[in-house]
Amino acid sequence: MKKLILLLAMMIGFAVSAQTLLTTNIVLPNTYVNVPTDYTLSAAAPGVWLINAQQHYPTTQDFICKLDTIVGTNPTNVAVSLYGRKSALSSYSQIGSTVNWKLTTKDTVIVISNDTTNRYREYKVTYTLTGDSSVVGLKNQEFKQWIE
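About the cut-offs
- Residue positions are given per chain, counting from 1 as you read along its sequence in written order.
- Whole-chain, interface and lining totals are the exception, using all residues; otherwise, since this is a predicted model, local features are given only for residues with pLDDT of at least 70 and side-chain atom pairs are given and counted only at 80 or more.
- Only hydrogens and water are set aside when side-chain values are computed; all heavy atoms of the structure are taken into account.
- Labels follow the DSSP assignment, with helices taken as runs of H or I lasting at least four residues and strands as runs of E lasting at least two, numbered in each case from the N terminus.
- Type-normalised accessible area, obtained with a 1.4 Å probe on protein chains alone, sets the label of each residue: buried when under 20%, exposed when over 50%, and partly exposed for intermediate values.
- Should any heavy atoms of two residues lie within 4.5 Å, those residues are counted as being in contact.
- Values of accessible area rely on a 1.4 Å probe in the Shrake-Rupley scheme; residue burial ignores everything except the protein chains shown.
- Here the rule is simple: two strands pair whenever DSSP picks up at least two bridges between them.
- One speaks of a salt bridge when a side-chain nitrogen belonging to Lys or Arg is within 4 Å of a carboxyl oxygen belonging to Asp or Glu.
- Note on method: axes are straight lines fitted to C-alpha atoms, helices fitted across the in-contact stretch only, with angles between N-to-C directions ranging 0 to 180 degrees.
- Pairing of aromatic side chains here covers Phe, Tyr and the six-membered ring of Trp, requires ring centres within 6.5 Å, and sorts the geometry by plane angle: under 30 degrees stacked, over 60 edge-to-face, intermediate tilted.
- Two conditions define a charge sitting above a ring: the NZ of Lys or the CZ of Arg must be within 6 Å of the ring centre, and it must be within 35 degrees of the ring normal.

Trainee: Kindly report on the overall build of the chain, identifying the contributing residues and their values.
Mentor: Looking only at helices and strands, the chain features one helix and nine strands. What you see in the chain, going N to C, is helices and strands ordered as α-β-β-β-β-β-β-β-β-β. When each of the 148 residues of the chain is scored for burial, the buried share is 39%. Looking at the chain alone, contacts between residues at least 24 apart form 82% of all its contacts between residues at least 6 apart. Total accessible area on the chain is roughly 8,400 Å²; 58% of this is exposed by carbon and sulfur atoms.

Following this line, the structure appears as structure tokens:
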């Protein structure tokens, strides 16, 4: 019973600590999705994009997003990370390295490319901002699986 209560507390903590922006399903035979967005990300909670891509073949992946400054308090850093997992019963593994945007330009396009074949079927992109009360705009997200 104690383990169940601890597990529920951890799940609630994660739900509070992350904001799911969008869940996208890539329906076979498609391997690509382009999602124009107009989200405002904040430092209060990491933004998360969940992608279900039930591909039957090993793939490599490309993820692309466009971030833009917003009038007001801008973050000192935006960390963008891509993760994958084989099923809802497994844990996420990071794909590639986290890309950090230090806001040296008004807007930027971030690309995370993975050239190592894997068999992930579920993906997650996280946006983590650094700086109190900071915000940034998320203008577009793209995800592509390459069948290898």
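Trainee: Tell me about unusual backbone geometry, and please be specific about residues and values.
Mentor: Among all residues save glycine, negative phi is the norm, and among peptide bonds the norm is trans. Following L28, the chain continues into P29 via a peptide bond in cis, with omega recorded as 10°. Note that P29 resides in the loop between β1 (19-26) and β2 (32-42).

Trainee: Go over the pairing of strand β9 (residues 135-147) with me, naming the residues and quoting the values.
Mentor: Pairing between β2 and β9: nine bridges, direction antiparallel. The residue bridging V35 from the neighbouring strand is Q141, located in β9. For strand β4 (residues 59-68) and β9, the ladder comprises ten bridges, and the chain directions are antiparallel. Bridge pairing in β9 links L67 to L138.

Trainee: Can you explain the side chain of E122? Please cite residues and give values.
Mentor: Position of E122 among the secondary structure elements: in strand β8 (residues 122-130). Looking at E122, the relative accessible area reads 13%, which means it is buried. Once you skip the residues sitting within four places of it in the chain, E122 turns out to touch I51, N52, Q54, Y83, G84, R85, S87, A88 and Y92.

Trainee: For the pattern of salt bridges, give the residues involved together with the corresponding values.
Mentor: As enumerated under the stated definition, the model contains four salt bridges in all. Salt-bridge contacts for K139 lead to D38; the nearest nitrogen and oxygen are separated by 2.9 Å. Of this pair, K139 sits in strand β9 while D38 sits in strand β2, and the two are 101 residues apart along the sequence. Since its relative accessible area comes to 31%, K139 is described here as partly exposed. Here R85 makes a salt bridge to E122, at a shortest N to O gap of 2.8 Å. Here E122 lies in strand β8 and R85 lies in strand β5 (residues 77-85), a separation of 37 residues in the sequence.

Trainee: Before we move on, could you go through the sheet that holds β2 and cite the residues and values that matter?
Mentor: Strand pairing in a sheet relies on backbone hydrogen bonds, with the paired strands running either antiparallel or parallel. An order of β2-β9-β4-β7 is seen for the four strands of this open sheet, with the pairing classed as antiparallel. Looking at which strands have only one partner, the edges of the open sheet turn out to be β2 and β7 (107-118). Neighbouring strand axes in the sheet, compared pairwise and without regard to direction, differ in orientation by 15° on average.

Trainee: Give me the lowdown on the packing of aromatic side chains, citing residues and values where you can.
Mentor: Taken as a whole, this structure holds three aromatic pairs when the rule is applied. Arranged with centres 6.1 Å apart and planes meeting at 50°, the rings of W49 and F63 form a pair that is tilted. Here the residue W49 occupies a position in strand β3 (residues 47-53), and F63 occupies one in strand β4, the gap between them amounting to 14 residues. Seen from their ring centres, Y123 and F143 are 4.7 Å apart, and the 50° between their planes marks the pair as tilted. Of this pair, Y123 sits in strand β8 while F143 sits in strand β9, and the two are 20 residues apart along the sequence. The exposure class of Y123 is buried, given its relative accessible area of 0%. For F143, a relative accessible area of 0% puts it in the buried group. Among the aromatic residues, ring-to-ring pairing joins Y120, Y123 and F143 into one connected group. Positioned over the ring face of Y83 is K124, at 5.2 Å from the centre of the ring. Directly above the ring of W146 sits K144, whose terminal nitrogen or CZ lies 4.6 Å from the centroid.

By themselves, these observations are geometric and do not establish any function.
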